[in-house]
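Below are the chains, spelled out letter by letter.
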Amino acid sequence: MTQTPNIVPDFTALHMTIVGDLIADHYLRACPTRLSREAPVMVLRYSGEEIGAGGAANVARNMWALGARTQLMGVVGRDANGRELLRILESEEIGVDGVHAIGDWVTPSKTRVLGAEPGRTPQQVLRIDREPDHPLAQGIKRQIAAQLRSQVGSIQGLLLSDYGYGLVGEEIAEVAREIQAAGAVVVLDPRVNYELFGGVTAMTPNLEELASVTSRSLDEVADRAGIDRAAADFRERYRPENLLVTLGNRGMVLYTDEFPGGVSVPASGSEEVVDVSGAGDTAAVAFTLALAAGVDGPRAMRLANAAASVVVMESGAAVCSLSKLRSMLPQSPQPAIESASAVGG
């Protein structure tokens, strides 16, 4: 399918599945009042709190917001955060038959304390993570893999949202290969287990993840030449058809067999970033949907870049709707084929 540069495909005909780690984003909002007499810290007065969808749950909300029929598979605990995540997902008509609530699992949560004076944009001052204290049981992983296998041949895309909690492993990788062989797009948004998914349609690491998996320091990938070298090592080792590296406020760069030297795009939108939480999720979703709709890699990257620029302007793990993406795309820079020029370096 050929796409003109400023056209966003119709994603409504796509049946997509997400498998990954569901996370509860817990926001505590407070107003700074004074310095404490007990320690050199700010005293904040509580003003409210809420639970939002993070991890694979945020991925699913973004997928649904862009118009695709969305199924989510994963695990939550039988706790308050798990129940709230399911309520949020069900309210948005996301398929959750593949989300299992289990009694011995703590729903991973990230509590962010946001401080701001009235009328000002909240700023994160502290984050506290709560995580399961044991690995996910093999039985539940096999059960989810069996549910996923029932979708071989009936979905156009699979997005694996790996946050390192153990679901996206060998059992899922075996089925992912079957799904890709049946003609669907398979994309890994990775933290670990890259080697299990060698040869998938795409992988979407950020710069820190690219450096880590290729045994480099961040200083070694500080400029475009360093990123190119790391990407070449990554592609040789894991063989994704598309390697999309997200660079935060420096944009993105895509490597393929057609463009081994890379195709880059600078970040689009305003420089006044409010919150980067979830921007990588949004980028992975838009990139996956575009590939599943038949868009070529560079244009898919441009869509991903435009979608990410929408959510960083909102507080918390926001979503990019189809209307917002369409309004942002004409302002988004075109991809540029480069081999050695600096990307923000």
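Anyway, here's the lowdown on the structure attached to this text. Here the structure is a predicted model, which means the values were calculated and not measured.

1. Looking at the sheet that holds strand E14 (residues 336–337)
The strand order across the open sheet formed by ten strands is E5-E4-E1-E8-E9-E10-E11-E12-E13-E14, and the pairing between neighbours is mixed. In this open sheet, the two edge strands, each paired with only one partner strand, are strand E5 (95–102) and E14. Note: strand E8 (residues 157–161) against strand E9 (residues 185–189), five bridges, orientation parallel. Bridge assignment links Leu-158 to a residue of E9, and that residue is Val-186. Relative to strand E12 (residues 252–256), helix H8 (residues 297–311) is tilted by about 155 degrees, and along the sheet it contacts strand E11 (242–246), E12 and strand E13 (263–265).

2. Points about helix H4 (residues 170–181)
In an α-helix, one full turn covers 3.6 residues, which means residues spaced three or four apart are oriented alike. Taking 1.5 Å as the rise per residue, H4 with twelve residues should run 16 Å; its terminal C-alpha atoms sit 17 Å apart, in good agreement. Residues Glu-171, Ile-172, Ala-173, Val-175, Ala-176, Ile-179 and Gln-180 constitute the buried set of H4. Tucked inside the fold, the buried residues of H4 contact strand E1 (15–20), helix H3 (138–149), E8 and E9. Count one or two residues on from H4 and you reach Gly-183, which has phi positive near 110 degrees.

3. Points about the pairing of strand E6 (residues 109–115)
With seven of its seven residues buried, E6 lies for the most part within the structure. Of the two faces of E6, the one holding Ser-109, Thr-111, Val-113 and Gly-115 and the one holding Lys-110, Arg-112 and Leu-114 are both buried throughout. By the bridge criterion, seven bridges tie strand E2 (residues 22–35) to E6 in an arrangement that is parallel. By the bridge assignment, Ala-24 is partnered in E6 with Ser-109. Across seven bridges, the pairing between E6 and strand E7 (residues 123–130) is antiparallel. If you follow Ser-109 over to E7, its bridge partner there is Arg-130.

4. Observations concerning unusual backbone geometry
Even without glycine at this site, Glu-93 takes up a positive phi of about 60 degrees. Along the chain, Glu-93 falls in the loop between helix H2 (80–91) and E5. The exposure class assigned to Glu-93 is exposed, which follows from its relative accessible area of 68%.

5. What about the pattern of salt bridges?
In this structure the tally under the stated criterion is 13 salt bridges. Notably, a salt bridge pairs Arg-29 with Glu-50, separated by 2.9 Å at the nearest N-O pair. Taken together, the residues span a long stretch of sequence, with Arg-29 in strand E2 and Glu-50 in strand E3 (residues 42–55) at a distance of 21 residues. Put simply, Arg-127 and Asp-129 hold a salt bridge, and the shortest N to O gap is 2.7 Å. Arg-127 sits in the partly exposed class, given a relative accessible area of 39%.

6. Here's the deal with the packing of aromatic side chains
Using the criterion set out here, one finds three aromatic pairs in the structure. Ring centres of Tyr-194 and Phe-234 lie 5.5 Å apart, and the angle between their planes is 85 degrees; on these two criteria the pair is classed as edge-to-face. Taken together, the positions of Tyr-194 in the loop between E9 and strand E10 (202–203) and Phe-234 in helix H6 (residues 224–238) put the pair 40 residues apart, joining distant regions of the chain. Since its relative accessible area comes to 0%, Phe-234 is described here as buried. Here Phe-234 and Tyr-238 contribute two aromatic rings whose centre-to-centre distance is 5.0 Å and whose plane-to-plane angle is 65 degrees, an arrangement assigned as edge-to-face.

7. Describing the nonpolar core
The biggest cluster of nonpolar side chains holds 62 residues, and the ones touching the most others in it are Leu-22, Leu-72, Phe-287 and Leu-289. No other element matches the ten residues that helix H7 (residues 279–292) contributes to this core. Every residue in contact with Leu-22, bar those within four places of it in the chain, is listed here: Gly-54, Ala-56, Ala-57, Leu-72, Met-73, Gly-74, Val-75, Val-76, Leu-85, Leu-89, Val-99 and Pro-108. In this structure, Ile-102, Met-203, Ala-231 and Phe-234 belong to the second largest nonpolar core, which totals 45 residues.

8. Thoughts on the environment of His-100
Along the chain, His-100 turns up in strand E5. Residues His-100 and Leu-86, 14 residues apart in the sequence, show an inter-C-alpha distance of 9.8 Å. In contact with His-100, not counting residues within four places along its chain, are Gly-74, Val-75, Val-76, Ile-140, Gln-143, Ile-144 and Gln-147. Reaching out from His-100, the side chain makes a polar contact with the side chain of Gln-147 at a distance of 2.6 Å.

9. So, the sheet that holds E7
As summarised here, the arrangement of the four strands in space is E3-E2-E6-E7, forming an open sheet in which the pairing is mixed. Only two strands of the sheet have a single partner each, and these edge strands are E3 and E7. On average, each strand axis in the sheet is inclined to that of its neighbour by 20 degrees, with strand direction left out of account. Alignment of E2 against E3, held across 13 bridges, turns out to be antiparallel. Within the sheet, the bridge partner assigned to Cys-31 lies in E3 and is Arg-45. In the packing of helix H1 (residues 56–65) onto the sheet, the strands contacted are E2 and E3, and the crossing angle to E3 comes to about 65 degrees. Relative to E3, H2 is tilted by about 60 degrees, and along the sheet it contacts E2, E3 and E6.

How each quantity is defined
- Residues numbered from 1 in each chain as written.
- Predicted model: local features only at pLDDT ≥ 70, side-chain atom pairs only at ≥ 80, totals over all residues.
- Heavy atoms only, no water.
- Pairing = 2+ DSSP bridges.
- Helix = DSSP H or I, 4+ residues; strand = E, 2+ residues; numbered from the N terminus.
- Contact = heavy atoms within 4.5 Å.
- Axes fitted to C-alpha atoms, helices over the stretch in contact; angles between N-to-C directions.
- Expected span 1.5 Å × (residues − 1).
- Buried < 20%, exposed > 50% of the residue type's maximum accessible area, 1.4 Å probe, protein only.
- Salt bridge = Lys/Arg side-chain N within 4 Å of Asp/Glu carboxyl O.
- Phe/Tyr/Trp six-rings, centres within 6.5 Å; stacked < 30°, edge-to-face > 60°.
- Core = buried A, V, L, I, M, F, W, Y, C linked by side-chain atoms within 4.5 Å.
- Polar contact = N/O pair within 3.5 Å; in protein donor to acceptor, adjacent residues only side chain to side chain.

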